[in-house]
Amino acid sequence: MLLPRRVDPAGHQILVFEPDAEGHAQEWLQHLMEYAMTDERSPSLCFVVPETLHLALAHSIPAGANGRISLTSLTPVEHRLCTDRRLAVAAFARWWTGSTTSSVRTVTVSWALGTFNVA
């Protein structure tokens, strides 16, 4: 995943990482977008979400956002690992995905349950 490198004039940016498209995620993120656009001084937002949520949110970007809202989709592997039912796998994947800004990475994680290769 390669995050956009757009710089806010005030230097304020917020990364909103939501790997789970179930429940009320779309509604919550839409409200967050609308609220952030109520004030010109609010930071720009970068949403990192699953592909299905990305498509829905793309149609919900408020008029006048002027590039202050960007959307990035999780890869299928990132999404699968971030929503894995094993807490240790999901927690590590969420940390790794949220902290990296490079689209090229290879990590091997050894757990008691097996070895997982993330490419």
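Note that the structure is predicted; figures quoted are calculated from it, not measured.

What counts and what doesn't
- Residues numbered from 1 in each chain as written.
- Predicted model: local features only at pLDDT ≥ 70, side-chain atom pairs only at ≥ 80, totals over all residues.
- Heavy atoms only, no water.
- Helix = DSSP H or I, 4+ residues; strand = E, 2+ residues; numbered from the N terminus.
- Buried < 20%, exposed > 50% of the residue type's maximum accessible area, 1.4 Å probe, protein only.
- Contact = heavy atoms within 4.5 Å.
- Areas by Shrake-Rupley, 256 points an atom, 1.4 Å probe, with all protein chains shown as cover.
- Arc of directions from axis to C-beta.
- Pairing = 2+ DSSP bridges.
- Right-handed = clockwise from strand over helix to strand, strands pointing away.

A. A look at the overall build of the protein. Counting its secondary structure elements, the protein contains 4 helices and 5 strands. Going from the N terminus to the C terminus, the protein shows its helices and strands as β-α-β-α-β-α-α-β-β. Among the 119 residues that make up the protein, the fraction classed as buried is 38%. Long-range contacts, defined here as pairs at least 24 residues apart, represent 63% of the contacts in the protein between residues at least 6 apart. Entry remark: accessible area of the protein is about 7400 Å², with carbon and sulfur atoms responsible for 58%.

B. Highlighting helix α2 (residues 51–58). Along α2, the positions that sit buried rather than exposed are Leu53, His54 and Leu57. In a view along the axis of α2, the buried residues occupy a sector of 105°, so they form one face of it. Here the buried face of α2 lies against α1 (25–36), β2 (44–49) and β3 (69–73).

C. How the structure looks around the pairing of β2. Burial analysis of β2 places 6 of its 6 residues in the buried class, which makes it a mostly covered element. Burial of the side chains of β2 extends over both faces: Ser44, Cys46 and Val48 are buried on one face and Leu45, Phe47 and Val49 on the other. Bridge count between strand β1 (residues 13–17) and β2: 5 bridges; the pairing is parallel. Within β2, the residue paired with Val16 across the bridge is Phe47. Crossover β1 to β2 through α1 is right-handed. As paired strands, β2 and β3 are joined by 5 bridges and run parallel to one another. Counted as the bridge partner of Phe47 is Leu71 from β3. Read from β2 through α2 to β3, the crossover connection turns out right-handed.

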